[in-house]
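For reference, the chains in residue letters:
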Amino acid sequence: MESIDVVVGRIGKPHGIRGEVTVDVRTDEPELRFAVGAVLRAEPPAGSVSRLRRLTVRSARWHQGVLLLGFEEVSGRDEAEAARGIVMHADLPADATPEDPEEFYEHQLAGLEVVDLEGTPIGTVRGLVPGAAQDLLRITATDGRETLVPFVQALVPQVDVPAGRLVVADRPGLVSPFPDEA
């Protein structure tokens, strides 16, 4: 069966002396992605001394709102420090969907037709750009311009993956050009 590679987190600083690390979580399902025994693909940043290419979750716990993970391959603070910055990937079945109907995987959004509130086609979703406050939809407008739209309910009131479309409450300068640019 075909699978999709998704980024689920990035390793932060070490925590304690037994190899635990803080994690910048990039998934809405951390309890699934970081379950004990889960195997993740590791992508060290450029210039990293780490040679890790896979990580097996040994322990997972929340501490003051921060996820702390221990890995079978990381046994001490020095190894945890060397792992800093590693981006962790999980493989999901291509047909996987999140449990929450209001959530979507990035691969489900890519390729969706973008229409305005009246149903007029205005572009195509190309991907998702993770953001600190909210994610941004990367959209190619029908005239070929690349635009970024905050992925929030007020601007994206409807996502219909089975129908292959997404509604954007468009306004000049969001997806369609300003009148003087048209």
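Above: the structure in question.
So, a few notes on the structure that sits alongside this text. (Residues numbered from 1 in each chain as written. Predicted model: local features only at pLDDT ≥ 70, side-chain atom pairs only at ≥ 80, totals over all residues. Heavy atoms only, no water.)

### As for the overall build of the protein
Of regular secondary structure, the protein possesses 3 helices and 12 strands. Along the first, second and third principal axes, the C-alpha atoms of the protein reach 60 × 35 × 30 Å. Within the protein, the fraction of its 182 residues that count as buried is 40%. Of the contacts formed within the protein by residues at least 6 apart in sequence, a portion of 48% connects residues at least 24 apart. Summed over all atoms, the accessible surface of the protein reaches about 10,200 Å², with 51% contributed by carbon and sulfur. (Helix = DSSP H or I, 4+ residues; strand = E, 2+ residues; numbered from the N terminus. Buried < 20%, exposed > 50% of the residue type's maximum accessible area, 1.4 Å probe, protein only. Contact = heavy atoms within 4.5 Å. Areas by Shrake-Rupley, 256 points an atom, 1.4 Å probe, with all protein chains shown as cover.)

### A closer look at the sheet that holds strand β5 (residues 66-71)
In spatial order, the strands read β1-β2-β5-β4-β3-β6; together these 6 strands close into a barrel with antiparallel pairing. Going across the sheet, the axis of each strand differs from the next one's by a mean of 50°, ignoring polarity. (Pairing = 2+ DSSP bridges. Axes fitted to C-alpha atoms, helices over the stretch in contact; angles between N-to-C directions.)

### Details of the sheet that holds strand β7 (residues 113-115)
With respect to topology, 6 strands assemble into an open sheet ordered β10-β9-β8-β7-β12-β11, the strand pairing being mixed. The open sheet is flanked by β10 (146-150) and β11 (158-160), the only strands paired with a single partner. The sheet shows a mean angle of 35° between the axes of neighbouring strands, taken without regard to direction. Examined bridge by bridge, strand β8 (residues 121-129) and strand β9 (residues 136-141) share 6 bridges and lie antiparallel to one another. Note on β9: the bridge partner recorded for threonine 124 is threonine 140.

### A look at the pairing of β9
Across 5 bridges, β9 lies against β10 in antiparallel orientation. Residue pairing for β10: leucine 136 is matched across the bridge by proline 150. Connecting β9 to the next strand, β10, in antiparallel fashion are 4 residues, including glycine 144 with a positive phi near 95°.

### Structural notes on the environment of glycine 19
Of note, glycine 19 is situated in the loop between β1 (3-15) and β2 (20-25). Overall, glycine 19 belongs to the buried group, its relative accessible area being 0%. Sequence-wise, glycine 19 and arginine 77 are 58 residues apart; in three dimensions their C-alpha atoms are separated by 4.8 Å. Filtering out sequence-adjacent residues up to four positions away, glycine 19 remains in contact with Leu69, Val74, Ser75, Gly76, Arg77 and Ala80.

### With respect to the side chain of arginine 33
Tracing the chain through its elements places arginine 33 in helix α1 (residues 30-33). Separated by 2.9 Å, the side chains of arginine 33 and glutamate 29 make a polar contact. In this structure, arginine 33 is in contact with Val8, Thr27, Ala38, Leu40, Ala90, Leu92 and Tyr105, ignoring residues within four places of it in sequence. (Polar contact = N/O pair within 3.5 Å; in protein donor to acceptor, adjacent residues only side chain to side chain.)

### Thoughts on the pattern of salt bridges
Across all of its chains, the model carries 7 salt bridges by this definition. We note a salt bridge from aspartate 5 to arginine 41, for which the minimum N-O separation is 3.4 Å. In this pair, aspartate 5 sits in strand β1 while arginine 41 sits in strand β3 (residues 39-43), placing the two residues 36 residues apart along the sequence. A relative accessible area of 39% places arginine 41 in the partly exposed class. Residue aspartate 143 is joined to arginine 145 by a salt bridge in which the shortest nitrogen-to-oxygen separation is 2.9 Å. With a relative accessible area of 27%, arginine 145 lands in the partly exposed category. (Salt bridge = Lys/Arg side-chain N within 4 Å of Asp/Glu carboxyl O.)

### Overview of the side chain of glutamate 20
Position of glutamate 20 among the secondary structure elements: in strand β2. On the basis of relative accessibility, which here comes to 12%, the residue glutamate 20 falls in the buried class. In terms of polar contacts, glutamate 20 uses its side chain to reach the side chain of arginine 61, at 2.8 Å. Setting aside residues no more than four positions away along its own chain, glutamate 20 makes contact with Pro14, His15, Ser59, Arg61, Leu68, Leu69, Gly70 and Ala80.

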